[in-house]
Amino acid sequence: MHPKIAFSEDVGLTMARNELQRWYLEHERPLPWREQPAPYGTWLCEVIMQQTRIDQGTAYWERFMHRWPNFQSLADASVDEVLKEWQGLGYYSRARNLHKTAQIICDEYPQGHPTELNQWLALPGVGAYTAAAICSICFGTPVAAVDGNVLRVLSRFLGIHEPIDRPSGRKPLEAFAEAWVDPKHPGRHNQALMELGALICTPHAPDCAHCPLQKECTSSFMPHKKGSMPPFKQGKTKVQDVALHFHVIHQNGRILMQQRPDHGIWGGLWTFPSSEAPWEGSINNDVIPEPLDQCLIARGPCGTSVKHLLSHRRFHVQFWLWSCPEDCTLEMGEWHRWDSAELLALPRVLESSWEDVKNSASQKESKTNA
Ligand code: SF4
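Residues numbered from 1 in each chain as written. Predicted model: local features only at pLDDT ≥ 70, side-chain atom pairs only at ≥ 80, totals over all residues. Heavy atoms only, no water.

A. Region of the structure containing the site of the ligand. Around the ligand, the surrounding shell consists of Arg156, Ile200, Cys201, Pro206, Cys208, Cys211, Gln214, Cys217, Ser220 and Met229. When the residues that make up the shell around the ligand are grouped by side-chain class, the tally is seven nonpolar, two polar and one charged. (Near = heavy atom within 4 Å. Nonpolar A, V, L, I, M, F, W, Y, C, P; charged D, E, K, R; others polar.)

Structure (structure tokens):
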């Protein structure tokens, strides 16, 4: 075991913790949720900021706070309204969990909100990091909030060379983080570590000369070349290439839209009906996919094909136009005019291709009708 992990309350470490907090009080960014930290705004911020850049997330946080300033107003909104407001942030299960959690809190805590770590952990979409961040910041609970930033800082600070994406690397870091939390100011300590990771101990260019932990840090004198400094990872998930066909099915100027199931990709959002196929290495516009219903008449590709990358899948997206004869009833979605379909909560991949696909489909439709 690393000596610092075994003796986490030694004098040097207590001094380093104090230095860290002094640095934070001087350098923290003036972010709106820090002005008057309260459970609702802190929870909202922690959920929005997962997998999101801070400048992008701040605009969303402000819009949500303006439209739904408390648990009750968010619980009273419809899930479609929340998904629409979330549009562009990705990982839509977060938005659905946000809404569900607001409703549970209003049902189970009519006078307020949960105050205990275990109560927060029982809520949808609230993991160990989020619960710890909320409880330490809002209620002074002495618990460590360990996210990717904190793992990076601590793995360098302690010189942990075990891969942090494996329990052998991650567990000692979490144990140290718990032991090192300042019992008097846990919220400030957690935020200071996260801020240090965001501003000084950055992934590719740690600024050790200006770091409050430099004196005690095991890595401060290591070469800062890429790959020579912790954290280390064992392996990344392989990205799988998939051909994704969106079927733009039209009938009398209307198109068919489908709401996707809650679980899985773009859960709860609206898309054209879709199908997937193995990726063959290139898009071939001559190979029309299997029709979703035998009554459909293929009109060929429409719009420009695009690539869309998720965490472990790369979609090669192609749009196909189909005509649906009037006597054919498709039960697989809702018929919309283009302008009303555009108001649905759409995933970003459709939002960015919408005008292109709409124009291309409309041109092909009018040629067919001419
Ligand atoms: S001294 Fe350098 S490596 Fe160590 S925590 Fe600070 S910025 Fe990171």
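Further notes follow.
B. Representation of the state of the cysteines within the structure. Overall, the coordinates contain one disulfide when judged by the stated rule. Two residues, Cys295 and Cys328, share a disulfide whose sulfurs are 2.1 Å apart. Judged by the torsion about the S-S bond (-50°), the Cys295/Cys328 disulfide is left-handed. With Cys295 in the loop between β4 (274–278) and β5 (297–301) and Cys328 in the loop between β7 (313–323) and β8 (334–337), the pair connects residues that are 33 residues apart, well separated along the chain. Judged by relative accessible area, Cys328 falls into the buried class, the value being 11%. With no disulfide of its own, Cys135 lies closest to Cys138 among cysteine sulfurs, the gap being 7.9 Å. (Disulfide = S-S within 2.5 Å. Helix = DSSP H or I, 4+ residues; strand = E, 2+ residues; numbered from the N terminus. Buried < 20%, exposed > 50% of the residue type's maximum accessible area, 1.4 Å probe, protein only.)

C. Spatial organisation of the nonpolar core. The biggest cluster of nonpolar side chains holds 58 residues, and the ones touching the most others in it are Trp43, Trp120, Val248 and Phe272. Of the residues forming this core, the biggest block, seven residues, is contributed by helix α4 (residues 39–49). Residue assignment places this core across two domains, with domain 1 (3–210) and domain 2 (240–369) each supplying three or more. Look past the residues within four positions of Trp43 in its chain and what remains in contact with it is Phe71, Leu74, Leu98, Thr101, Ala102, Trp120, Val126 and Ile134. (Core = buried A, V, L, I, M, F, W, Y, C linked by side-chain atoms within 4.5 Å. Domains from an automatic or database assignment. Contact = heavy atoms within 4.5 Å.)

D. Structural detail: helix α7 (residues 79–86). All of the buried residues along α7 are Val82, Leu83, Glu85 and Trp86. The buried residues of α7 occupy an angular sector of 160° when the element is viewed end-on, so they sit on one face. Two residues or fewer past α7, Gly88 is found with a positive phi of approximately 100°. (Arc of directions from axis to C-beta.)

E. Representation of helix α12 (residues 167–180) within the structure. Here α12 is 14 residues long and its end C-alpha atoms lie 19 Å apart, about the 20 Å a rise of 1.5 Å per residue gives. The set of residues buried in α12 consists of Gly169, Leu173, Phe176, Ala177 and Trp180. Projected onto a plane normal to the axis of α12, the buried residues spread over an arc of 100° and lie on a single side. Set apart from the buried face of α12 by more than 90 degrees, the exposed residues are Pro167 and Lys171. (Expected span 1.5 Å × (residues − 1).)

F. Focus on the packing of aromatic side chains. Using the criterion set out here, one finds 17 aromatic pairs in the structure. Here Phe64 and Trp86 contribute two aromatic rings whose centre-to-centre distance is 6.0 Å and whose plane-to-plane angle is 90°, an arrangement assigned as edge-to-face. Taken as a pair, Phe64 in helix α5 (residues 54–67) and Trp86 in helix α7 lie far apart in primary sequence, 22 residues in all. Grouping residues by exposure puts Phe64 and Trp86 together as buried. Measuring from ring centre to ring centre gives 5.3 Å for Phe157 and Trp180, while their planes differ by 20°; the resulting arrangement is stacked. Of the two residues, Phe157 sits in helix α11 (residues 148–158) while Trp180 sits in helix α12, which places them 23 residues apart along the sequence. (Phe/Tyr/Trp six-rings, centres within 6.5 Å; stacked < 30°, edge-to-face > 60°.)

G. Spotlight on the packing of α4 against helix α8 (residues 93–108). The contact between α4 and α8 brings their axes to 10 Å, and the two run at 160°. Overall, the two elements α4 and α8 adopt an arrangement that is roughly antiparallel. The handedness of the crossing between α4 and α8 comes out as right-handed. Residues Trp43, Leu44, Val47 and Ile48 of α4 form the contact with α8, whose own contacting residues are Arg94, Leu98, Thr101 and Ala102. For the contact of α4 with α8, the per-class residue count stands at six nonpolar, one polar and one charged. (Axes fitted to C-alpha atoms, helices over the stretch in contact; angles between N-to-C directions. Parallel < 35°, antiparallel > 145°, perpendicular 65-115°, else oblique. Left-handed = near helix turned anticlockwise from the far one by under 90°.)

H. Region of the structure containing the domain arrangement of the chain. In terms of domain boundaries, the chain breaks down into domain 1 (3–210) and domain 2 (240–369). A separation of 38 Å is found between the C-alpha centroids of domain 1 and domain 2. With 10 residues of domain 1 at the interface, the matching set in domain 2 holds 16 residues. Counting each side, the surface lost to burial between domain 1 and domain 2 is near 880 Å², with a carbon and sulfur contribution of 43%. It is Gln87, Tyr92 and Arg96 that lose the most area in domain 1 upon contact with domain 2, and together they represent 50% of the buried surface on that side. On the surface where domain 1 and domain 2 come into contact, there are zero salt bridges. (Buried area = accessible area lost by both parts, 1.4 Å probe. Salt bridge = Lys/Arg side-chain N within 4 Å of Asp/Glu carboxyl O.)

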